Structures are given as C-alpha cells and as structure tokens.
Amino acid sequence: MSDGEAQDPRPPVRRPERIGLGRRALGLGALAAAGGLMLGSRASAALPDDIRILVGTPLGSPYDRHARLLARHLPRLHSGMRITVETIPRAGGKLAAKLVHESAGDGRTIAMLPSGLIFAEILGEEGVAFSLPRLQWIGSLDAEPRVLVLSRRLGIDSFDALRRHAGPISLAAVSTASASWYEPLLLNRILGIRLKPVPGYSSVMRSGALMSGEVGAAIGSLETFTALLAEGHVNVVLRLNDLPLPGIAAPPPALVASEAAAAHPELMRLLDAHFRFGRAMCLGPRTPSAMTLAWRAAIDELVRDATYRGEIDAARLTLLPLPGAALETSIAAVFESAAAIRGALDAALACGMTIADNGPPGC
C-alpha cells in the first residue's frame, strides 16, 4: 500500500515477475529500455561504503522487507559496503521524505517511500517538507495490484452488485490524510459507488474488522488480503490498476480500463503515478547526477542477480522493476500539471464525500 500495510504472516499470492500495465504503461516501458537499464558504463561515481535506507512504512511491511533483502545482498556485490535499514513510518512517510530531502549529496542516504506522498504534496498537507520532483529517483523494485475487497458478510460478490447497493459501505482507512482515505472517495466520484471511509485502522485492525463485519470494505495491495481471501472472509470486486491477480479465477473489472475513468484525465494521471510508484527509492536533491547513475546501475545489477532473485522468491515477494528515468518521468508528469490536478482532486474528494453521505449522484 501505499499506506505501508504490515505484511500478513501467511504466504501472499505471487504474480508474474514482469507484467504489463496496459496502454498507459507503454511510454514508461520505452523510457525504461532507453534510459533506465544498463547504466553501468555511464556511472562514474563510486558508491559509498556506509549507507542508510530510510523506509517510510512500518516494520514488516513489504517496503521494509524489500529494503532488508536489498541491504543483505547489495554488499555481496559491492565488497566493503555496509547498509543499515531504519523504519520511519511517522506521518505516513513524510518524515522519511523530509530526511532524505535534507540529506547531503554524497549518496549515503536513500529512502524507500510510499506512494501516498504524491497525494500529500499535491494537496499541500501539513508536514510536507519535501519536493518529490526534486528528489533523485533510483527506481522502484516492485509494483502492487491494488484492489477493493468487500466483507462477505455484506453478501455483495461483484462490482455490479456493489453499484446496485443503495446504502453506504464503511471502509477501513488509516487516517484522513492517507491514500486509503482518498482512494474510496475518488472511486465514489468516478464510478458512482458509495464507500464511506472510516479512519483509525492499521492493517492488523483492518483484517479483524473485515472478518467481524465491523467494516464492510478495504483497499490495499492484493498480498495484504491473501489470508482473508483464502479463508473466505472477503471478495475482490474491483482492481484499481490493471495488474493481473494470480489466484483469482475471475478477475474483476479494472478502474483504469473503465469508460468512467476516461472522463477524468487529471485524476487518472495522478492515480497512474500512484499505482506504479511501487517500492520507489530515491536520493536527496543535492545528489550529483553521476552518483544517481551509479545507484541506478547498482540496483539494475542487483535485480538481475540470480541469488537475490532466488531469495525474493523464497520471501514470497516479487520484482517488477521500474528504472529511475521512467519513475522520474511519471512523477514529473503529475507535478507539471499540479494546479489542474489539485483542482480536480479537491473537487472529486468533496464530491466523493457527498456521495458517501447522501448517495449518488451527489454532485
């Protein structure tokens, strides 16, 4: 998640290592081929020996687990390197983003940040002391299929049934300043459904609330719902992006492929970047380009390493790398249109809340 959900202790559903994201991803794929891979010949800076990775999500989250595997295997490929991982989930990753933004340009401090920070900066939330477009992006290790699940206690087993449901459905959210709060309101506006986000739920609390029927819905990465799906407590009724869902016999419709989504280009530009952000890593703005290229080359080398890939498999994580150049372009596309996107986002969130309270159409 984008909100940094803690990893469910049961084995998550695995998905293919390289998968397409649909038409919107073709441009990013071309950028990856042209500018993001095989950078070793252009990277002249030497990587530092002592490195900190700041993880802006809780201990045990997929972000944290990816960071610790990186910290274990990268020194194997670069003798003498020492890496420490620090989980700093405070303020939804804003503190980690602030620290990397203020870091020296020596390549010693890296951050792995959650995608919810895109919403935070666009909306000008309190505590934003960083600029995502100014950060130097190394790349993303993975992407996540984001899904809307409903408790089976509701008796709603499809998206069509959800659209016909007249009453509000409570949805577990982390806080009122989190992707888990914004996403359901945007779905209300775009798709005309009626989700009512309720703040105050960690990922552990969310699972229990879905099982008991305390809440009726949740949004997150597929892997965080694996145990609930296996035990029959929830149904997946909507994909937010268009990644495949291994283990789901009849994949539900995808938001990004819907005709309704096409009518909201500013919102979808934001959501596209949010969905593909994945386990994104960055350096501070003062980092010289040579150091950024050196880090991109090192990560490219790592994700091609057979031993590392084997341990990723053993840990039941996945790799879907997005090189730094493509990630940088995706983020830049959002912030080049920041004013228009913020206007559309403010209006859509207000409309989504009106629908949650009063039902569609609402606005």
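For the structure itself, consult the block above.
On a predicted model such as this, the values are computed, not experimentally measured, just so you know.

With respect to empty space enclosed by the protein
- A full pass over the atoms with the stated rule returns 2 cavities of 30 Å³ or more.
- Around the second largest cavity, the lining residues are Glu 183, Leu 186, Leu 187, Ile 190, Leu 240, Leu 255, Leu 271 and Phe 275.
- Counting only elements with at least two residues in the lining of the second largest cavity, the list comes to α6 (179–191) and α10 (265–276).
- It is α6 that provides the largest number of residues to the lining of the second largest cavity, a total of 4 residues.
- Looking at the lining of the second largest cavity residue by residue, the classes come out as 7 nonpolar, no polar and 1 charged.

Re the state of the cysteines
- In this structure the tally under the stated criterion is 1 disulfide.
- Note that Cys 351 is cross-linked by a disulfide to Cys 363, the S-S spacing being 1.4 Å. Note that Cys 351 is positioned in helix α14 (residues 338–358) and Cys 363 in the segment after α14, a separation of 12 residues in sequence.
- By relative accessible area, Cys 363 is classed as exposed at 53%.

Some points on the environment of Ser 289
- Within the secondary structure layout, Ser 289 lies in helix α11 (residues 289–303).
- Considered as a pair, Ser 289 and Gly 105 are 184 residues apart in the sequence and their alpha carbons are 9.8 Å apart.

What about the side chain of Thr 226?
- Position of Thr 226 relative to the elements: it lies in helix α8 (residues 226–230).
- Look at Thr 226 and you get buried, because its relative accessible area is 8%.
- A polar atom in the side chain of Thr 226 sits 3.1 Å from the backbone oxygen of Glu 223.

Here is what the cut-offs are and how they apply
Residues numbered from 1 in each chain as written. Predicted model: local features only at pLDDT ≥ 70, side-chain atom pairs only at ≥ 80, totals over all residues. Heavy atoms only, no water. 1 Å grid on protein atoms, 1.4 Å probe; cavity = no way out; pocket = protein on both sides within 12 Å on 5 of 7 lines; lining within 4 Å. Points joined across faces, edges and corners; volume = space filled by probe spheres on them. Helix = DSSP H or I, 4+ residues; strand = E, 2+ residues; numbered from the N terminus. Nonpolar A, V, L, I, M, F, W, Y, C, P; charged D, E, K, R; others polar. Disulfide = S-S within 2.5 Å. Buried < 20%, exposed > 50% of the residue type's maximum accessible area, 1.4 Å probe, protein only. Polar contact = N/O pair within 3.5 Å; in protein donor to acceptor, adjacent residues only side chain to side chain.

Keep in mind these values describe shape, not function.
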